[in-house]
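# Working through the structure, step by step
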Amino acid sequence: MGHTFITELEELVLLSTAILYPNAYAYGIATEIKDQTGKSLSLASVHTVLYRLENSGLLNSELGGKSEKRGGRSKRLFSLTQNGKKAVEEMQDVRQAMWAKIQSV
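Overview of the structure. As the structure is a prediction and not an experimental result, all values here were calculated from the model. (Residues numbered from 1 in each chain as written. Predicted model: local features only at pLDDT ≥ 70, side-chain atom pairs only at ≥ 80, totals over all residues. Heavy atoms only, no water.)

### Remarks on the packing of helix α2 (residues 26-37) against helix α3 (residues 43-55)
Remark: α2 packs on α3, axes separated minimally by 9 Å, with the N-to-C direction vectors making an angle of 105 degrees. On the basis of their axis angle, the class for α2 and α3 is roughly perpendicular. Contacts between α2 and α3 pair Ala-26, Tyr-27, Ile-29 and Ala-30 from the former with Leu-43, Val-46, His-47 and Leu-50 from the latter. Residue composition of the contact of α2 with α3, by class: 7 nonpolar, 1 polar and no charged. (Axes fitted to C-alpha atoms, helices over the stretch in contact; angles between N-to-C directions. Helix = DSSP H or I, 4+ residues; strand = E, 2+ residues; numbered from the N terminus. Parallel < 35°, antiparallel > 145°, perpendicular 65-115°, else oblique. Contact = heavy atoms within 4.5 Å. Nonpolar A, V, L, I, M, F, W, Y, C, P; charged D, E, K, R; others polar.)

### Things to note about the nonpolar core
Among the nonpolar cores identified, the biggest contains 18 residues, and Val-13, Leu-14, Ile-29, Leu-50 and Leu-53 are the most heavily contacted of them. Secondary-structure elements contributing two or more residues to this core are α1 (8-20), α2, α3 and α4 (82-100). Each residue touching Ile-29, except ones within four places of it in the same chain, is listed here: Val-13, Ser-16, Thr-17, Leu-20, Ala-24, Val-46 and Leu-50. (Core = buried A, V, L, I, M, F, W, Y, C linked by side-chain atoms within 4.5 Å. Buried < 20%, exposed > 50% of the residue type's maximum accessible area, 1.4 Å probe, protein only.)

### Regarding the pattern of salt bridges
One pass over the full model with this rule turns up 4 salt bridges. The shortest N-O distance in the salt bridge between Arg-52 and Glu-10 comes to 2.8 Å. Of the two residues, Arg-52 sits in helix α3 while Glu-10 sits in helix α1, which places them 42 residues apart along the sequence. With a relative accessible area of 9%, Glu-10 lands in the buried category. One salt bridge in this structure joins Glu-11 and Arg-95, with 2.7 Å as the shortest N-O distance. Here the residue Glu-11 occupies a position in helix α1, and Arg-95 occupies one in helix α4, the gap between them amounting to 84 residues. (Salt bridge = Lys/Arg side-chain N within 4 Å of Asp/Glu carboxyl O.)

Geometry only, nothing functional implied.
Given below as structure tokens:
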């Protein structure tokens, strides 16, 4: 089976989801990405990527408990599937192999 190639943004979303597990939701993921990269993302763009990754079988989601802070609404919590974990591990391997081939930067 070949590699599952993902975009840089998809990789950041998957990694942030893993970091925040079991409390990974869109706003927290966007905040984690900003903390790690300094880049701000709209919630709409994070939601788009989350649902694309879920449809691709790289993430699962479920509704968390309702909260007064959120006006009684539930958060949608995300977690990596085995395929999602494999995708980020493959990307790490590809990046490390490519960096190892660079003579000097």
